[in-house]
Amino acid sequence: LLSMATAKPSFGEDNDAVPTDGSVGPIVDPFVGNVKNYVVSPVEYEGPPVRGHLVFNASFEGGNLGRVDSISEFEYDLFIRPDTCNPRFRVWFNFTVANVKSEQRVIFNIVNFSKTKSLYREGMSPLVKSTSRPQWQRIPPKSVFYYRCPEHHKNYIMSFAFAFDNEEDVYEFAYSYPYTYTRLQRYLDRIKARRLDFFKCEVLCVSVQQRPLYLVTIASPQNLEDSRCKVVFVTARVHPGETPSSYVCQGNSWYTLSV
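On a predicted model such as this, the values are computed, not experimentally measured, just so you know. (Residues numbered from 1 in each chain as written. Predicted model: local features only at pLDDT ≥ 70, side-chain atom pairs only at ≥ 80, totals over all residues. Heavy atoms only, no water.)

Caption draft 1: Region of the structure containing the overall build of the protein. From N to C terminus, the protein includes three helices and 15 strands. Residues counted as buried form 45% of the 259 residues belonging to the protein. The long-range share in the protein, meaning contacts at least 24 apart out of those at least 6 apart in sequence, stands at 67%. (Helix = DSSP H or I, 4+ residues; strand = E, 2+ residues; numbered from the N terminus. Buried < 20%, exposed > 50% of the residue type's maximum accessible area, 1.4 Å probe, protein only. Contact = heavy atoms within 4.5 Å.)

Caption draft 2: Region of interest: the nonpolar core. Within the largest apolar cluster, 34 residues are counted, with the highest numbers of intra-cluster contacts made by Phe56, Phe95, Phe108, Phe113, Phe164 and Phe173. Looking at which element gives the most residues to this core, the answer is strand S11 (residues 155-163), with four residues. Contact partners of Phe164, with chain neighbours within four places excluded, come to Leu54, Val97, Val100, Lys101, Ser102, Glu103, Gln104, Val106, Phe108, Tyr171 and Phe173. Tyr179, Leu184, Ile191 and Val216 belong to the second largest nonpolar core, which has eleven residues in total. (Core = buried A, V, L, I, M, F, W, Y, C linked by side-chain atoms within 4.5 Å.)

Caption draft 3: Molecular detail of the side chain of Ser130. Position of Ser130 among the secondary structure elements: in strand S8 (residues 127-130). Reaching out from Ser130, the side chain makes a polar contact with the side chain of Asp169 at a distance of 2.8 Å. Setting aside anything within four residues of it in sequence, one finds Ser130 in contact with Asp169, Val170 and Tyr171. (Polar contact = N/O pair within 3.5 Å; in protein donor to acceptor, adjacent residues only side chain to side chain.)

Caption draft 4: Inspection of the sheet that holds strand S6 (residues 94-98) at higher detail. Pairing within the open sheet is antiparallel, and its six strands lie in the order S2-S3-S6-S12-S8-S9. A strand with exactly one partner marks an edge of an open sheet, and here the two such strands are strand S2 (38-39) and strand S9 (137-138). Pairing between S8 and S9: two bridges, direction antiparallel. Bridged to Val128 within S9 is Gln137. (Pairing = 2+ DSSP bridges.)

Caption draft 5: Just the sheet that holds strand S7 (residues 105-110), in detail. Strands sit in the order S4-S5-S7-S11-S10 across an open sheet of five strands; the sheet is mixed. Looking along the sheet, the strands with just one partner apiece sit at the ends: strand S4 (67-70) and strand S10 (144-149). Adjacent strand axes in the sheet meet at a mean angle of 25 degrees when their direction is disregarded. Looking at chain direction, S10 and S11 are connected through six bridges and run antiparallel. Looking across to S11, one finds that Val144 is bridged to Phe160. (Axes fitted to C-alpha atoms, helices over the stretch in contact; angles between N-to-C directions.)

Caption draft 6: Structural context of the packing of aromatic side chains. In the structure shown here, the tally under the stated rule is 26 aromatic pairs. On the numbers, 6.1 Å between centres and 40 degrees between planes, the contact of Phe56 with Phe95 is tilted. Placement of the pair is Phe56 in strand S3 (residues 55-57) and Phe95 in strand S6, with a sequence separation of 39 residues. Considered together, Phe56 and Phe95 belong to a single accessibility category, that of buried residues. Here the aromatic rings of Phe162 and Tyr171 are separated by 5.8 Å at their centres, their planes lie at 75 degrees, and the arrangement is edge-to-face. (Phe/Tyr/Trp six-rings, centres within 6.5 Å; stacked < 30°, edge-to-face > 60°.)

Here it is, written out as structure tokens:
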């Protein structure tokens, strides 16, 4: 049995109690939904936006960024939204940045992570790509810092430095390699089109947002209907930030179907 369900970050629904300030307990949510083409100007600037006033967007499938605070001309505090119906888990982020200046240097602080232990402490780094370089790349680990911050209730913060080099590009940043619900749907459609007699795909349940979650069974035709057979159960991710396991689950099923 293969559970191909994918957990998703929340896309605009209300959260009654979301700890957005890095605290352990819930507080009233000061923002609802992902930022959409949100222009951030320096704190004391007055006037229309100009080149270098960054435009943040997370209003797309898999996107997650709920709030942006300008600390200085070069530094920004970023608040990520929690898992759907689980405000204590805040890990996944995925957003774009546009309207940059060439050679513009910035520091992004993800200030409301919920995990104290993270692979960012062991050398992992966020991913980045741009319109002219569509392949994901790791930000150099020497530019990434994971630490406790007294200004944010001594919670762990992930900061990374980055230099934009192309004014015409839109840059996208992510916690890890995104794996979207649409990607899952397309993958399952490819398998269904093969009409294999040892493959069965059925809706196990629906998510809070009413998206079907699928149960895939790979077995010989006579075993598909035999409830007494022993099974190997493989499940993909539970939380949005666990996207690597979705790739593992897809690869596992593809290999199983190819032999």
